[in-house]
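Single-letter residue listing:
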Amino acid sequence: MSDRAEEDTVGFKVENRIATVWFNRPEKRNCMSPKLNRQMMRILEELEFRDDVGVLVLTGEGTSWSAGMDLKEYFRENEQQGLHATRKAQREAYGWWERLRWYQKPTIAMINGWCFGGAYGPLFACDLAVAAEDAQFGLSEINWGILPGGGASKIITELTGFRRSMYHAMMGENLTGTQAAEWGLVNEAVPAAALEARVTEIATVLLGKNAEALRATKWAIRRVREMTYHNAEDYLVRAQEAAGFFDSEGRKEATRQFIDEKTFKPGLGSYDL
Ligand code: ACO
């Protein structure tokens, strides 16, 4: 089914305030074609501000999460048309990854299978990541004669250390989901049969938190990575004040429940929203 229509390249459903979005080209191991990249942006935009969506999960149909960029439709066919086509295709891909990095809602990558090269873009874009133990992660670029571009070289150094980044990018060997968890590419790995349940469990915890605080927190964590300590300290004071958290109803209510009602302890769980 190589000529899958653009609108069929991505699937999604919303259940219990969890939006599950999936790469939907299983016959091509969910590699990212220009069609898929355009459709993914549309779906993400559609879901981002919906009131019935509290968390977004990104997964893949079939045996793959995503086998990276489509070597035929993303690379070869665009290169044949010239640089303008390549640049357009890059903007479409990088565009939705960036949108996802700064998404309004918490995001979880549910890595069910193959995850290669360009797929590290959306992997890093998701706030949390859980993999099946037998999923496979690889920077396979070296195996076909290019360097890990499209952010992938940066992402591996963001997610893991110098020696591991070098080894991973230079050797072209895959990591299992279990190894990816040890290296920090994902938060944890679980047996494939338990993957969906574990992700739902995490999403349900997130749904019980203050949504504005979650959004500010995830953006703060991404911002401070690139700052000096002093800049981060200053930025966080200002971000806290700009968001109005000190005077927010949520904070007042939480403080009331802890100090006055004694109905919850912040150290042990979330206040009653
Ligand atoms: N680009 C284009 N087509 C792809 C890609 C891809 N990245 N990955 C898989 N496909 C296609 C195959 O060409 C094949 O198409 P066909 O049925 O028309 O022949 C179909 O998907 C199924 O692929 P198989 O290789 O038969 O599937 P298998 O399950 O045996 O292997 C695997 C899966 C290991 C993921 C293999 O397909 C593969 O190595 N894919 C490429 C992975 C990769 O290196 N991605 C690029 C990373 S670099 C970057 O993203 C910049």
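Look up a bit, the structure's there.
No experiment lies behind these values; they were computed from the predicted model shown.

Rules and cut-offs
- Residues numbered from 1 in each chain as written.
- Predicted model: local features only at pLDDT ≥ 70, side-chain atom pairs only at ≥ 80, totals over all residues.
- Heavy atoms only, no water.
- Pairing = 2+ DSSP bridges.
- Helix = DSSP H or I, 4+ residues; strand = E, 2+ residues; numbered from the N terminus.
- Buried < 20%, exposed > 50% of the residue type's maximum accessible area, 1.4 Å probe, protein only.
- Axes fitted to C-alpha atoms, helices over the stretch in contact; angles between N-to-C directions.
- Parallel < 35°, antiparallel > 145°, perpendicular 65-115°, else oblique.
- Left-handed = near helix turned anticlockwise from the far one by under 90°.
- Contact = heavy atoms within 4.5 Å.
- Nonpolar A, V, L, I, M, F, W, Y, C, P; charged D, E, K, R; others polar.

Draft legend 1. Here's a closer look at the sheet that holds strand β8 (residues 136-138). One open sheet holds the 4 strands; their spatial order is β4-β6-β8-β9, and the pairing between them is mixed. With partners counted over all chains shown, the strands left at the sheet margins are β4 (64-66) and β9 (175-176), one partner each. With 2 bridges connecting them, β4 and strand β6 (residues 114-116) associate as parallel partners. Across the sheet, residue S66 finds its bridge partner in β6, namely C115.

Draft legend 2. A look at the pairing of strand β5 (residues 107-111). Counting buried positions along β5 gives 5 out of 5 residues, so the element sits mostly inside the fold. Where burial is concerned, the two faces of β5 agree: the one with T107, A109 and I111 and the one with I108 and M110 are both buried. As paired strands, strand β3 (residues 55-60) and β5 are joined by 3 bridges and run parallel to one another. By the bridge assignment, L56 is partnered in β5 with T107.

Draft legend 3. Structural detail: the packing of helix α1 (residues 34-48) against helix α3 (residues 83-101). Remark: α1 packs on α3, axes separated minimally by 9 Å, with the N-to-C direction vectors making an angle of 30°. The angle between α1 and α3 places the two elements in the roughly parallel class. Between α1 and α3 the crossing geometry is left-handed. Taken together, the residues of α3 that come into contact with α1 (itself represented by P34, N37, R38, M40, M41, L44, E45 and E48) are K88, E92, A93, G95, W96, R99 and L100. In terms of residue class, the contact of α1 with α3 is built from 7 nonpolar, 2 polar and 6 charged.

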